[in-house]
Structures are given as C-alpha cells and as structure tokens.
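Residue-level structural notes
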Amino acid sequence: MSEKRIIRRLASDLVMGKTSPARLRNLSDEDIAIAVSGDPDAAPLDLDWSDAEIVIPPAKTAISIRLDADIVDYFKSTGQGYQTRINAVLRRFMERQKQKA
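Residues numbered from 1 in each chain as written. Predicted model: local features only at pLDDT ≥ 70, side-chain atom pairs only at ≥ 80, totals over all residues. Heavy atoms only, no water.

Looking at the environment of R85
Along the polypeptide, R85 turns up in helix α4 (residues 82-100). When the C-alpha positions of R85 and F75 are compared, they lie 7.5 Å apart, and in sequence the two are 10 residues distant. The contacts of R85, once residues within four sequence positions are left out, are F75, T78, G79 and Q80. Side chain to side chain, R85 and T78 meet in a polar contact 2.7 Å long. (Helix = DSSP H or I, 4+ residues; strand = E, 2+ residues; numbered from the N terminus. Contact = heavy atoms within 4.5 Å. Polar contact = N/O pair within 3.5 Å; in protein donor to acceptor, adjacent residues only side chain to side chain.)

Right, dumping it as structure tokens:
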C-alpha cells in the first residue's frame, strides 16, 4: 500500500456532527417552536395516546423449511427483512383460513 493513501487523523480533529451544544443550550422555546413548524418531517406534538394499546408480537420459533428457489429469490430480491415478509404472507394466509372456518 502506498504511503500516499494513508490518512492519519487525531481524535481531537474529528467533528462528531454539525450540532453545536452551546447553540442548543441557548435556544429559547420560541426558537424551537419556529424550527419545528418549518420542518416537514416533524411529528405533531399534540398526539392523543389515551387509546394506545401495547402490542406484544408473538414469539418466533426457529425452524428449517424447504421453499422453492424462485420463491426465496423473489423475497430476497425485495431487500433486507425478506424473512419477515415471508412470515407476513404466511400470517395473512393463516388469518384468511381461520375466517373461512
């Protein structure tokens, strides 16, 4: 490896982010409200949680299952979390079968 490609940095030179703690400490509540109102990704602060329910997902069981290669390839091609999507498809099928019974 060429010496030219090695870049050395001191920990004291690293910037951990663009946030200035001193600037944040000096923000007033009004400044924060103005910043939030201009942020399209900000969630509303007046959410009503009185009807919220805690939902605990059922425990998973590790199994070995043989699936057709094209099915596995399809779900893998949809990206990370493909096993969760396979589980969701099977759950939907199960729920439909239960409705028929």
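As for the layout of surface pockets
The space that makes up the largest pocket amounts to roughly 640 Å³. Counting residues per element, the ones that place at least two in the lining of the largest pocket are α3 (69-77) and α4. No other element matches α4, which puts seven residues into the lining of the largest pocket. For the lining of the largest pocket, the class distribution of residues is 12 nonpolar, four polar and one charged. (1 Å grid on protein atoms, 1.4 Å probe; cavity = no way out; pocket = protein on both sides within 12 Å on 5 of 7 lines; lining within 4 Å. Points joined across faces, edges and corners; volume = space filled by probe spheres on them. Nonpolar A, V, L, I, M, F, W, Y, C, P; charged D, E, K, R; others polar.)

Focus on the packing of aromatic side chains
For the structure shown, the criterion picks out one aromatic pair. Measuring from centroid to centroid gives 5.4 Å for Y74 and F75, while their planes differ by 80°, and the two rings are edge-to-face. (Phe/Tyr/Trp six-rings, centres within 6.5 Å; stacked < 30°, edge-to-face > 60°.)

Notes on a nonpolar patch on the surface
Taken together, L24, L27, I32 and V36 make up a surface patch of nonpolar side chains, about 280 Å² in accessible area. Mapped onto the elements of the fold, I32 is located in helix α2 (residues 29-37). Exposure remark for I32: the relative accessible area of 39% places this residue in the partly exposed category. (Patch = residues over 30% accessible without salt bridge, like charges linked within 9 Å, V, L, I, M, F, W, Y side chains within 5 Å. Areas by Shrake-Rupley, 256 points an atom, 1.4 Å probe, with all protein chains shown as cover. Salt bridge = Lys/Arg side-chain N within 4 Å of Asp/Glu carboxyl O. Buried < 20%, exposed > 50% of the residue type's maximum accessible area, 1.4 Å probe, protein only.)

Let's talk about the confidence of the model for the protein
Per-residue confidence for the protein gives a mean pLDDT of 86; residues scoring 70 or more make up 90%. Of all the helices and strands in the protein, helix α1 (residues 21-25) carries the lowest mean pLDDT, 84, while α3 carries the highest, 97. (pLDDT = per-residue confidence, 0-100.)

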